[in-house]
Amino acid sequence: MIYDYTITTGKGEELNLSDYKGKVIMVVNTATGCGFTPQYAPIEQMYKDYHDKGLEILDIPCNQFGKQAPGTDEEIHEFCTLHFNTTFPQMKKADVNGENELPLYTWLKSQKGFEGFGKGPKAMMMSGFTAANTKKNGWGRDDIQWNFTKFIIDREGNVVARFEPTADMAEVEACVKALL
């Protein structure tokens with residue numbers, strides 16, 4: 001269960017996820033130099049709109065995909081607050097795949113595996129690109145394929161959805177809203 005895990009905040013403090021019991025949680029691996037980086041804006045808007053209703057966001061910067069999250073935790077935080085006015089908490093930069101992946105991600109991926117990028121030009125482009133990247137790194141099919149993969153956890157701690165970065169943010173919001 002998600003409440004069994006702890007993660008480290010960008011300020012180096014341990015965050016016990018049991019503190020989020022009864023909340024809807026979005027866990028997202030982010031990067032500041034990615035084509036999906038503009039998703040910070042709708043994620044921040046969801047946080048503003050729904051935090052008081054029980055939404056928590058765990059932003060976990062990750063540099064495993066094209067080295068698109070360079071810099072220190074402080075530099076990443078500064079970029080996000082300066083360019084996207086983010087107010088949700090950011091965690092310490094971490095791996096989401098491989099031998100050094102966060103145990104939280106091992107669990108999340110066991111709950112909701114990769115089901116594809118959907119349809120359309122972005123989905124087709126990402127499918128070809130990430131297949132080569134995954135093979136090169138020795139990652140499995142259910143591993144995180146790219147930045148801005150989102151997991152949605154309900155108030156009971158169950159992973160109810162996994163959204164790939166190509167998913168329409170309106171669908172992500174609808175899922176969150178339905179759980180609140």
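Up top is the structure these notes are about.
Residues numbered from 1 in each chain as written. Predicted model: local features only at pLDDT ≥ 70, side-chain atom pairs only at ≥ 80, totals over all residues. Heavy atoms only, no water.

Draft legend 1. Region of the structure containing the overall build of the protein. Tallying secondary structure elements over the protein gives 5 helices and 6 strands in all. Counting from the amino terminus, the protein carries its helices and strands in the arrangement β-β-β-α-β-α-α-α-β-β-α. Computed over its C-alpha atoms, the radius of gyration of the protein comes to 15 Å, within 12% of the 16 Å expected for a compact globule of 180 residues. Dimensions of the protein, computed from the C-alpha atoms along their principal axes, are close to 40 × 35 × 30 Å. Looking at the protein as a whole, 51% of its 180 residues are labelled buried. Nonlocal contacts in the protein, meaning residues at least 24 apart in sequence, comprise 70% of its contacts between residues at least 6 apart. For the protein, the computed accessible surface area is about 8,700 Å², with 51% contributed by carbon and sulfur atoms. (Helix = DSSP H or I, 4+ residues; strand = E, 2+ residues; numbered from the N terminus. Rg over C-alpha atoms; globule rule 2.2 N^0.38 Å. Buried < 20%, exposed > 50% of the residue type's maximum accessible area, 1.4 Å probe, protein only. Contact = heavy atoms within 4.5 Å. Areas by Shrake-Rupley, 256 points an atom, 1.4 Å probe, with all protein chains shown as cover.)

Draft legend 2. Summary view of the sheet that holds strand 3 (residues 24-30). Strand order in the open sheet formed by 4 strands is 4-3-5-6, with mixed pairing between adjacent strands. Edge positions in the sheet fall to strand 4 (55-61) and strand 6 (159-163), since each of these pairs with one other strand and no more. Neighbouring strand axes in the sheet, compared pairwise and without regard to direction, differ in orientation by 15 degrees on average. In terms of strand pairing, strand 3 meets strand 5 (residues 150-153) through 4 bridges, oriented antiparallel. Its bridge partner lying in strand 5, Val27 is registered against Phe151. Across the sheet, helix 1 (residues 40-50) touches strand 3, strand 4 and strand 5, and the angle it forms with strand 4 is around 150 degrees. Here helix 3 (residues 103-111) sits on the sheet in contact with strand 3, strand 4, strand 5 and strand 6, set at roughly 110 degrees to strand 3. (Pairing = 2+ DSSP bridges. Axes fitted to C-alpha atoms, helices over the stretch in contact; angles between N-to-C directions.)

Draft legend 3. Highlighting the pairing of strand 5. By the alternation rule, side chains of strand 5 split into Lys150 and Ile152 and Phe151 and Ile153, which are all buried. In the sheet, strand 5 pairs with strand 6 via 4 bridges, with the strands oriented antiparallel. What sits directly across from Ile153, in strand 6, is Val159.

Draft legend 4. Looking closely at the pattern of salt bridges. Enumeration according to the criterion identifies 5 salt bridges in this entry. A salt bridge links Lys23 to Glu56; the nearest nitrogen and oxygen atoms lie 3.9 Å apart. Of this pair, Lys23 sits in the loop between strand 2 (14-16) and strand 3 while Glu56 sits in strand 4, and the two are 33 residues apart along the sequence. (Salt bridge = Lys/Arg side-chain N within 4 Å of Asp/Glu carboxyl O.)

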